[in-house]
Amino acid sequence: MTEFGQMPIKQLRELIQRRDASVTEITQSFLSRIRQCDDKIKAFLTVEEEPALAQAARLDRQLASGESKNGLLSGIPLAIKDNIVTQGVRTTCASRILENYIPPYDATVVSRLKESGAILLGKTNCDEFAMGSSTENSAFFATRNPWDLERVPGGSSGGSAAAVAAGEAPGALGSDTGGSIRQPAAFCGTVGLKPTYGRVSRYGLVAFASSLDQIGPVGNSVSDVALLLQAIAGSDPQDSTSAARPVEDYLSEIDQEVKGLKIGVPKEWFGSGLDGQIEQSLQAAIKKLEGLGCSLLEVSMPQTEYAISTYYIIAPAEASSNLARYDGVRYGHRSADQKDLDSMFKSTRSEGFGEEVKRRIMIGTYVLSAGYYDAYFIKASKVRTLLRNDYLEAFKKVDFLVGPTTPSLPFKIGEKKKDPLEMYLMDVYTVTANLAGIPGLSLPCGFSQEGLPIGLQIQAPYFQEARLLNLAHALEQELNVKRPKLPI
Amino acid sequence: MEFEAVIGLEVHAQLLTQSKIFCACSTGFGAPPNSNTCPVCLGLPGSLPVLNREAVAMAVKAGLALGCQINRNSIFARKNYFYPDLPKGYQISQYDLPLGQDGQIEILTGVRQEAGHVGEYQPRTFGITRVHLEEDAGKLIHQQGRDSYVDLNRTGVPLIEIVSEPDFRSSQEAYDYLNNLRRTLLYLEICDGNMEEGSFRCDANVSIRPLGSSELGTKTEIKNLNSFRFLQRALEYEIERQKEVIGGDGQVEQETRLWDEEGQKTLVMRSKEEAHDYRYFPEPDLLPVVVSEEWIEELKAQIPELPEERRQRFVKEYALTHEEALLLTQTRQFAEYFETAVRTYNQPKAILNWMMGDLMGHLKQDHREIHECLIRPEHLANLVRLIDEGEISGKMAKQLFEKLYETGDDPETIISQENLQQISDEDQLTRIVDRVLEANPEKVEAYRAGKAGLLGFFMGQVMKETRGQANPEMVSQMLEGKLRSSP
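Reading the values: the criteria
In this numbering scheme, every chain counts its residues from 1 along its sequence in written order. Lettering of chains starts at A and numbering of ligands starts at 1, both following the order in which they are written. Under the rules for a predicted model, residues below a pLDDT of 70 receive no local features and side-chain atom pairs below 80 are neither given nor counted, while totals for whole chains, interfaces and linings still include all residues. Hydrogens and water are ignored here; the side-chain numbers use all heavy atoms of the structure. Strands are runs of DSSP state E lasting at least 2 residues, helices are runs of H or I lasting at least 4, and numbering of each runs from the N terminus. Each radius of gyration reported is based on C-alpha atoms, and the globular scaling rule is 2.2 Å times the count of residues to the power 0.38. Every residue pair with non-hydrogen atoms within 4.5 Å of one another is taken to be in contact. All accessible-area figures derive from a Shrake-Rupley calculation using a 1.4 Å probe, and residue coverage is judged against the displayed protein chains alone. As used throughout, the charge tally considers Lys and Arg to be positive and Asp and Glu to be negative, leaving His and the chain termini uncounted. Positions of charges follow a simple convention, taking NZ of Lys, CZ of Arg, CG of Asp or CD of Glu. Domain start and stop positions are those given by an automatic or database domain assignment. As a working definition, buried area equals the accessible area (1.4 Å probe) given up by two parts on being put together, with both sides summed. Criterion for a salt bridge: a side-chain nitrogen of Lys or Arg within 4 Å of a carboxyl oxygen of Asp or Glu. The definition of a polar contact used here is a pair of N or O atoms within 3.5 Å, where within protein one atom must be able to donate a hydrogen and the other to accept one, and adjacent residues in sequence count solely through side-chain atom pairs. Ten residues, namely Ala, Val, Leu, Ile, Met, Phe, Trp, Tyr, Cys and Pro, are considered nonpolar, four, namely Asp, Glu, Lys and Arg, are considered charged, and the remaining ones, Gly among them, are considered polar. The buried label applies to any residue whose accessible area, calculated with a 1.4 Å probe on protein chains only, is under 20% of its type's maximum; exposed applies above 50%, and partly exposed to all values in between. To form a nonpolar core, buried Ala, Val, Leu, Ile, Met, Phe, Trp, Tyr and Cys residues must be joined to one another through side-chain atoms within 4.5 Å. Should DSSP find at least two bridges between two strands, the strands are regarded as paired. Note on definitions: angles span 0 to 180 degrees between N-to-C directions of axes, and those axes are lines fitted to C-alpha atoms, for helices only across the stretch in contact. Here the word oblique covers every angle except those under 35 degrees (roughly parallel), over 145 (roughly antiparallel) and from 65 to 115 (roughly perpendicular). When two rings of Phe, Tyr or Trp (its six-membered ring) have centres within 6.5 Å they constitute a pair, described as stacked for plane angles under 30 degrees, edge-to-face for angles over 60, and tilted for the intermediate range. Charges are assigned to positions over rings by a cutoff of 6 Å between ring centre and Lys NZ or Arg CZ, combined with an angular limit of 35 degrees from the ring normal. Note on convention: the crossing is left-handed when the near helix lies turned anticlockwise from the far helix by less than a right angle, right-handed when the turn is clockwise. Each residue after the first adds 1.5 Å to the expected span of a helix.

**Brief notes about the overall build of chain A**
Here is step 1 of the chain: Of the regular secondary structure elements, chain A holds 15 helices and eleven strands.
Here is step 2 of the chain: For 488 residues, the compact-globule formula gives about 23 Å, and the C-alpha radius of gyration of chain A, at 21 Å, lands near that figure.
Here is step 3 of the chain: When its C-alpha atoms are laid out on the principal axes, chain A stretches across 65 × 55 × 45 Å.
Here is step 4 of the chain: Sequence separation of at least 24 residues holds for 76% of the intrachain contacts in chain A that already meet a minimum separation of 6.
Here is step 5 of the chain: For chain A, the computed accessible surface area is about 17,000 Å², with 50% contributed by carbon and sulfur atoms.
Here is step 6 of the chain: If you average the places of the 52 positive and of the 57 negative side-chain charges in chain A, the two averages end up 1 Å apart.

So, in structure tokens, the structure goes:
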């Protein structure tokens, strides 16, 4: 780990502004950390070494001449999940089908990061098209958990979480469709936020399940995550589902008192299936909330048991349609094995997509088919409404919900790969926030005996990111989790 | 057994918006291939659609003009299928909750079946199932026996789909409905109605059943109906084909057929087994389309008098036949030209004849639309008045029309400039007539000997002397008088 490795972004900015460290120095140090450890961690699919250094040098010149715009993230190198498009920089979604795809435009979040002065370090590995919970579904390689290289970093934003945890980047963007930011954040001991659906523009996020997808930040601390969210949040004329609602000042509200807040603890989230060490760690953390002056209240989320089934109908249905564009006609992989149009489509997609993606395309196609649509898709949409009602009811009584992020500790690479259903259960505590559209955040609340991170999840009502970050920050300070030494 | 035909039509009309339905690209026709494109209409990974409000406004107008109920909240859906001209692998369309539904129109439709030889008209009401918004696909260009190319300029051009109830009982009714629909969209100025270029496209569903039966027979869908003529021929062919199939104890197969203009028949394109399952589901990238009461009122106020209404008014107000009124109301500009002319000089029939004859002829020859021509309706009306008032002869009128068409000047100016007015001065004409008779003594003799046909010769000579300006009636009277009286 280098000197800047786990330094808060705010502090890095101060170093730059006071010119105690140059942008080039800082960028160089993250690049050398990547060079030093990424052959083991494998968090990055693409490292933009030269362009990053060129941009750093440009910013240094501007600082020296006093022309610096002093943006929110001026001089901060960041990693971006490889399903978010970057102009001129290969964007693969960890899929063979887009192996050499170079987008001609930037996602809205990428332009916003660039406008705020951030530097693109590289693109991070993920499960193919963000489908998975371990990053093992990447068509290129599996990413390792920095806390134990034999274990998965979680997924699908495993590359982003691992890069931040290993000090390869001070912050990163991921995307969360069913837990894909929060679960790897928990597995890697980092903070991850899935904002309210519509808080961050999806323009340029390669769609997996459009009604569930949301881009969000991964960082070492709640305040880093707040800073990153500040830079990317807000309405976007190019995304009709982005919210017009003004963006709050997340940083200025982060230190507010949390006394008197009512915290709901859903009883369904602490049933069988939850790892004993995680439960213990959570109970201790929840106690600390009481210490902060919050009151605890048991609440019920009766639809929880249907969440996974609902999610695994709606998400694949949308995915089966979203992934139809990869047909070999205009861009991406095109099979050489073709006799006619149909065989071109079939071979291209058979060769280009991995097993999990194909599985979900088939499930999605099935649930949308004539004769099955009502029984599956419509039914699932109705359950989704009930689930949303669970939240509306709960948030009448409490300000936040607190529970686990994951049912288990980071598992071994290959351990769950053979049984997709078991893998799907990894999302049990996270998918509900996506189905309802509310924000959820995972923060480290302790380490297991084996030295593996444990995540705690806080969920909040729609567009309550400022208060959510405020509570998470207070709890983070109160917990002051002692981190073991990173083995790499 | 007597059969009746049951026909329904599905029409796709391109809307005349400046930009595409879900992005800012131009809808302009004829640009180099793939130049009017962006990440959104190319369906690049990560791109998202944003709805063009102007397209909604146009679609709502169409819905209102067709008597539809406008849904205050309508939703977009994805229609999923693979084809190289469809970049996203799905078309954004509407399925449940279209923009407009349950409409109807009442039109006069021809009773006799042959097009152009309609004797009688009777009012008929046809139901409109739905009017919805969707995006157009691109175009494939096939190189004979070699590669195929994709042009995505047309991808994302807004379309409305207008689905009728199966209410037509003859090809003539379908023809009249389609013609009215086309005229309506032209009047609303939301579609250019060009069937050949594909901005106005029609598919037909056809079945037959025993006369008197209320059950529907198995239908076939017919595509590739690129003109009104094709539609009528294809329907007539298909109705006969189905009658023969059933008459021969066969069964009509549910299938999609193509009209083959060369072979003058319909051919199987795909069978029921090959039919697509489009797996429609709500488009998650777009919000429901909200059409407020105020917006509807605002759009209603912009709807002009519609062609069928105008046609019936023309029949009453100007004592025209249904066919004449139909011709005049084909386009809004044509009808307005007529009315402006009639307001200037109230001789509807004569103005109609000039419009349908000389004016139409010239416009066709020059490939111009009526609003692009120089001759103003007031001038055409004055031309007719000058003939009626005897200022100019019919022959001079033709000459004058040419000048009006070329220059756009008013007839009086041209007459005085070109010295075109008719010579009706008795003394002047007498002098000319006498001169002609004196110059041709032997012809005068011959006439008096019984060669009456020579009158035309003398007439011609007088016209020659006066450069066609002599009042022909006066000259003819004079000549007859003078030739009859013996020297």
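**Let's talk about the domain arrangement of chain B**
The figure often quoted for interface size is the accessible area lost as the parts come together.
Residue and element names in this part refer to chain B.
Here is step 1 of the chain: As assigned here, chain B comprises domain 1 (3–295), domain 2 (305–418) and domain 3 (426–484).
Here is step 2 of the chain: Averaged C-alpha coordinates put domain 1 and domain 2 at centres separated by 35 Å.
Here is step 3 of the chain: If you look at the interface, domain 1 gives 16 residues, while domain 2 gives 16 residues.
Here is step 4 of the chain: Taken over both partners, the interface formed by domain 1 and domain 2 buries close to 1,400 Å², and the fraction arising from carbon and sulfur atoms is 52%.
Here is step 5 of the chain: Among the residues domain 1 hides against domain 2, the three largest losses belong to L108, R183 and Y187. Together they make up 52% of the total.
Here is step 6 of the chain: At the surface where domain 1 touches domain 2, the tally comes to two salt bridges.
Here is step 7 of the chain: Residue E308 is joined to R183 by a salt bridge in which the shortest nitrogen-to-oxygen separation is 3.2 Å.
Here is step 8 of the chain: Linking domain 1 with domain 2 are five residue pairs in polar contact (both at pLDDT 80 or more), by the criterion used here.
Here is step 9 of the chain: Examining the composition of the side of domain 1 that touches domain 2, we find that seven residues originate from one element, helix α2 (residues 171–187), more than from any other.

**Remarks on the interface of chain B and chain A**
Here is step 1 of the chain: Facing the 32 residues of chain B at the interface are 37 residues of chain A.
Here is step 2 of the chain: Both sides of the chain B and chain A interface together cover about 2,700 Å² of buried area, and 60% of this is carbon and sulfur.
Here is step 3 of the chain: Our count for the contact surface shared by chain B and chain A stands at one salt bridge.
Here is step 4 of the chain: One salt bridge connects B:D285 with A:R202, and the closest N-O pair in it is separated by 3.0 Å.
Here is step 5 of the chain: If you look at where chain B meets chain A, you find 17 residue pairs in polar contact (both at pLDDT 80 or more).
Here is step 6 of the chain: Those elements that place two or more of their residues in the side of chain B that touches chain A are β4 (76–80) and β15 (281–282) of chain B.
Here is step 7 of the chain: A class-by-class count of the residues in the side of chain B that touches chain A yields 22 nonpolar, five polar and five charged.

**Notes on the pattern of salt bridges**
Residue and element names in this part refer to chain B.
Here is step 1 of the chain: Enumeration over the complete set of coordinates arrives at 49 salt bridges over all chains.
Here is step 2 of the chain: For the salt bridge of R313 with E339, the shortest nitrogen-to-oxygen distance reads 2.8 Å. Of this pair, R313 sits in helix α5 (residues 307–318) while E339 sits in helix α7 (residues 332–344), and the two are 26 residues apart along the sequence.
Here is step 3 of the chain: The partner of E378 in a salt bridge is R376, and the shortest N-O contact between them spans 3.5 Å.
Here is step 4 of the chain: Exposure remark for E378: the relative accessible area of 24% places this residue in the partly exposed category.
Here is step 5 of the chain: Within the structure, one salt-bridge network assembled from shared partners comprises E189, E305, R310, R313, E317, R332, E336 and E339.

**A look at the nonpolar core**
Here is step 1 of the chain: With 223 residues, the main nonpolar core has A:F129 and B:I160 as its most contacted residues.
Here is step 2 of the chain: By size, the runner-up hydrophobic cluster in this structure holds 37 residues, among which are B:F314, B:W354, B:L380 and B:F401.

**Describing the sheet that holds β15(B)**
Strand pairing in a sheet takes place through backbone hydrogen bonds and is either antiparallel or parallel in direction.
Here is step 1 of the chain: Pairing is antiparallel across the open sheet formed by three strands, whose spatial order is β5-β4-β15 (chain B). Because the sheet does not close on itself, it has two edges, and the strands there are β5 (90–94) and β15 of chain B.

**Quick look at the packing of helix α9 (residues 377–388) of chain B against helix α11 (residues 411–418) of chain B**
A pair of packed helices can be characterised by two numbers: the angle between their axes and the separation between those axes.
Residue and element names in this part refer to chain B.
Here is step 1 of the chain: Packing of α9 against α11 brings their axes to within 9 Å, and their N-to-C directions diverge by 60°. Our classification of the angle between α9 and α11 gives oblique. Touching H379, N382, L383, R385 and L386 of α9 are P411, E412 and I415, all from α11.
Here is step 2 of the chain: Residues that form the contact of α9 with α11 fall into these classes: four nonpolar, two polar and two charged.

**Topic: helix α5 (residues 158–165) of chain A**
Residue and element names in this part refer to chain A.
Here is step 1 of the chain: Burial of α5 is extensive: eight of the eight residues sit out of reach of the surface.
Here is step 2 of the chain: Three or more residues of α5 are buried, namely G158, G159, S160, A161, A162, A163, V164 and A165.
Here is step 3 of the chain: Two residues or fewer past α5, G167 is found with a positive phi of approximately 75°.

**Side note on the packing of aromatic side chains**
Here is step 1 of the chain: For the coordinates displayed, the defined rule picks out 32 aromatic pairs over all chains.
Here is step 2 of the chain: Here A:F187 and A:F411 contribute two aromatic rings whose centre-to-centre distance is 5.9 Å and whose plane-to-plane angle is 85°, an arrangement assigned as edge-to-face. Taken as a pair, A:F187 in helix α6 (residues 182–188) and A:F411 in the loop between β9 (400–404) and α13 (420–424) lie far apart in primary sequence, 224 residues in all.
Here is step 3 of the chain: A relative accessible area of 0% means that A:F187 is categorised as buried.
Here is step 4 of the chain: Here A:F411 falls in the buried class, since its relative accessible area comes to 2%.
Here is step 5 of the chain: Linked through ring pairs, A:Y101, A:F129, A:Y326, A:Y331 and A:F353 together constitute an aromatic cluster.
Here is step 6 of the chain: Sitting over the ring of B:W295, B:R53 keeps its end group 3.9 Å from the ring centre.

**Side note on the pairing of strand β12 (residues 220–225) of chain B**
All names here are of chain B.
Here is step 1 of the chain: Bridge count for strand β11 (residues 200–210) against β12 is four bridges, and the pairing is antiparallel. Across the sheet, the residue bridging to C202 is L225, located in β12.
Here is step 2 of the chain: Bridge count for β12 against strand β13 (residues 255–260) is four bridges, and the pairing is parallel. In the sheet register, K223 faces β13, and the bridge partner there is L258.

**Quick notes on the packing of helix α7 (residues 222–232) of chain A against helix α15 (residues 465–479) of chain A**
Residues and elements named next belong to chain A.
Here is step 1 of the chain: Contact geometry of α7 with α15 gives a least axis separation of 9 Å together with a crossing angle of 160°. Comparing their axes, α15 and α7 come out roughly antiparallel. The crossing of α7 and α15 is left-handed. Contacts between α7 and α15 involve V222, V225, A226 and L229 from the first element and E465, L469, A472, H473 and E476 from the second.
Here is step 2 of the chain: For the contact of α7 with α15, the class distribution of residues is six nonpolar, one polar and two charged.

**Here we look at α2(B)**
All names here are of chain B.
Here is step 1 of the chain: In a regular helix each residue adds 1.5 Å, so 17 residues correspond to 24 Å; α2 covers 24 Å between its end C-alpha atoms and thus fits that length.
Here is step 2 of the chain: Most of α2 sits inside the fold, with 16 of its 17 residues counted as buried.
Here is step 3 of the chain: Remark: E189 follows α2 within two positions and exhibits a positive phi of approximately 55°.

**Points about the sheet that holds strand β2 (residues 77–81) of chain A**
Residue and element names in this part refer to chain A.
Here is step 1 of the chain: A sheet is described by the order of its strands in space; here eleven strands give the open sequence β1-β3-β2-β4-β6-β5-β10-β11-β9-β7-β8, paired in mixed fashion. The open sheet terminates on both sides in strands that have one partner only, identified here as β1 (44–47) and β8 (295–299). When strand polarity is set aside, the average angle formed by the axes of neighbouring strands in this sheet is 30°.
Here is step 2 of the chain: The sheet contact formed by β2 and strand β3 (residues 119–124) spans five bridges and is parallel. Paired with L78 across the strands is L120, a residue of β3.
Here is step 3 of the chain: The strands touched by α7 are β2, β4 (171–175), β5 (191–194), β6 (215–219) and β10 (440–447); relative to β6, the strand with the most contacts, the crossing angle is about 150°.

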